[in-house]
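Descriptive structure summary
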Amino acid sequence: MASKKRKLAEENRVFNDAWTDLYFFINCNGKPLCLICQKTLTIQKEYNVKRHYDSEHKAKFACVVGESRKNKINALKSSVKNQQNLFKVQVQSNESNIRASLRVAEILTKSGRPFTDSELIKQCALVMAEEVWPDLKKKFENISLSARTCTRRTEDLGDNLCQQLREKAQQFEWFSLATDESNDVTDTAQLLIFVRGIDKNFNVYEELLHLCSLKGTTTGEDLFCNLEQALVSMQLPWEKLVSVTTDGGRNMSGQNKGLVGRIKSKLAEIGCAIPLFFHCIIHQETLCSKVVSWKEVMDIVVSTVNYIRKNGLTHRQFQQFLSDTEANHRDVVYYSEVRWLSRGAVLKRFFDLRKEINTFMNEKGKSIPELTDTQWLIDLGFLTDVTHELNTLNVRLQEHIDEKKLDHFPNCKEAVEEAGINFHWKIDKMKDILIQLQSQFSDRFGDFEKVSSKLKVFANPFSCDIEEVPSNLQMNMIDLQSNDVLKSTFYELKDLVKFYGSLPSDFDELKKFAQQFITIFGSTYLCEQTFSIVNYRKNKCASRLTDEHLRAILRIATTNMTANIQEIASQIQPQTSH
């Protein structure tokens, strides 16, 4: 059989133009096409062409000769061409419909809308076409926008983006990971893994590497196995891994059985350099903020806010009361233990409205003694200031406390001035809290302290001391600092990626060093942001959303790439809308 195929290929058969007049055949994409019945023969051989004509059409067309035969052939050619053009137009129309449905699915996904909204969009499009351009209504009707179609289009978009990332990942010189784990509404543990990679041309890609749905346990071993599979699927080698940023949970940051510990043991096993590990800076601030929880203050604030807002009537009455008294704010803010940054906003709003809240609660017969307690109000003011400064990471707090200055504690100062007392008796307590905070920051931010000297070199290579630079970079650094043109370029660009990318090949060691630091994640903020999308899309009303669909949704919603809609449309089988 194989020899027969080789023989056919070696014969190098070509179409003979004489077959058109003799047998009513034309050449169509390298194969003989009968003009009469439009049948295509697989083998381009005169014996096959003649046999088809003799057995199927000779009896009817043998009498057609001379000028009549030529006219008949031309008419048949024109008919075939028209049919081919019609088919081509239909194919183009079908592809246009598919591209339209893909773009609608992409917009819906990025907007956080459910698949079923595509049907509503089609209804709106039909109404607009009917009113503005009735002749186009039929074209809109042919676009398939059912919920099922929108679901498939979302899958296609996600697959295309995943393939693009896989291709780009092959070009990464270095990459880093950020990972976090949280439960969705169905109590399925979702492990998010983001990758930031850089190629030799200093193009940086920051994308969702994978969403791993964990149905069973979530031990460090489980997390590691899923992360390793994600790297394998994208063909990312361990030796190019620069750093891993985690949320700091035991199953993540555990040095023995946690994800961090398993990565270390894996790289030691295969003889690769151990990457850097960072505890997300946001989670570090969360842990530090627990030092200043001051339960006696927060309990009163939270219970009061909950009383005001939990009942619709009470809440509306409070809002009207604030409007009537022309207060600076129109409402209080809810507090969330999970979203710790809300603490500063809650306390600030509560402090600003403390007098109005006191009056309102008294009118409701729910008096709060603490709102007239001088010491408690000072504590409230101090906690409000500290949480605000924590949010902005102000490191000068303790210095100002030592100097007995309240410039950075305006709310505490206001409470003290209202009370008309000497606040020095509070100094020791305030200092104790700030000392605890200082200790927490020293411990929690130690990850970044370990590489602080290298970070300084990366941030400004012209201001660092050559002796403090790693030995493999010193020659590059000497050449760089003595080059006035490059120094001028550095300060003009004000973009580290562009600057290091513009360096000539003479600075290969420095460019390699910069590439590694460019990939580092300072936090798992992308994961936190993406979990918000998870909670929004997979809620109580859409809890049956599959892991595959959720993965596609997140990839589309978070990507910086553009899906190749033309390529996707050309690969999809057209479907008539119903």
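The name that an unreviewed UniProt entry assigns to the protein chain is General transcription factor II-I repeat domain-containing protein 2-like, with the source organism given as Parnassius mnemosyne.

**Quick notes on the confidence of the model for the protein chain**
Per-residue confidence for the protein chain averages 83 on the pLDDT scale, and 80% of its residues sit at or above 70. Every residue in residues 393-398 scores below 50 in pLDDT, and together they form eleven contacts with partners more than four places removed in sequence or on other chains.

**Let's talk about the packing of aromatic side chains**
Within the structure shown, the criterion is met by 17 aromatic pairs. With a centroid separation of 5.9 Å and 50 degrees between ring planes, the pair formed by Phe321 and Phe360 is classed as tilted. Highlighted residues: Phe321 in helix α14 (residues 312-324) and Phe360 in helix α16 (residues 354-363), separated in sequence by 39 residues. For the residue pair Phe321 and Phe360, the accessibility class agrees, reading buried in each case. Put simply, the rings of Phe458, Phe462, Phe490, Tyr491, Phe499, Tyr500, Phe513 and Phe517 pair up and form one aromatic cluster. Cation over ring: Arg196 sits above Phe521, and NZ or CZ is 4.2 Å from the ring centre. Its end group placed over the ring of Phe224, Arg262 keeps NZ or CZ at 4.2 Å from the ring centre.

**Re the nonpolar core**
Membership of the largest hydrophobic core comes to 63 residues, with the highest contact counts inside it found for Leu177, Leu209, Leu236 and Ile263. Core analysis: the second largest hydrophobic core is formed by 26 residues, Phe278, Leu480, Leu503 and Ile520 among them.

**Considering unusual backbone geometry**
Its identity as a non-glycine residue notwithstanding, Gln235 has a phi of 55 degrees, on the positive side. Relative to the assigned elements, Gln235 resides in the loop between α9 (220-233) and β6 (241-246). A positive phi angle, close to 55 degrees, is found at Glu326, a residue other than glycine. In this fold, Glu326 is placed in the loop between α14 and α15 (342-352). The exposure class assigned to Glu326 is exposed, which follows from its relative accessible area of 66%.

**Remarks on the packing of helix α13 (residues 295-310) against α14**
Orientation of α13 relative to α14, taken along the N-to-C sense of each, is 100 degrees, at an axis distance of 5 Å. With respect to α14, the element α13 is oriented roughly perpendicular. In this structure, α13 contributes Tyr307, Ile308, Arg309 and Lys310 to the contact, and α14 contributes Gly312, Thr314, His315 and Phe318.

What counts and what doesn't
Residues numbered from 1 in each chain as written. Predicted model: local features only at pLDDT ≥ 70, side-chain atom pairs only at ≥ 80, totals over all residues. Heavy atoms only, no water. pLDDT = per-residue confidence, 0-100. Contact = heavy atoms within 4.5 Å. Phe/Tyr/Trp six-rings, centres within 6.5 Å; stacked < 30°, edge-to-face > 60°. Helix = DSSP H or I, 4+ residues; strand = E, 2+ residues; numbered from the N terminus. Buried < 20%, exposed > 50% of the residue type's maximum accessible area, 1.4 Å probe, protein only. Lys NZ or Arg CZ within 6 Å of the ring centre and 35° of its normal. Core = buried A, V, L, I, M, F, W, Y, C linked by side-chain atoms within 4.5 Å. Axes fitted to C-alpha atoms, helices over the stretch in contact; angles between N-to-C directions. Parallel < 35°, antiparallel > 145°, perpendicular 65-115°, else oblique.

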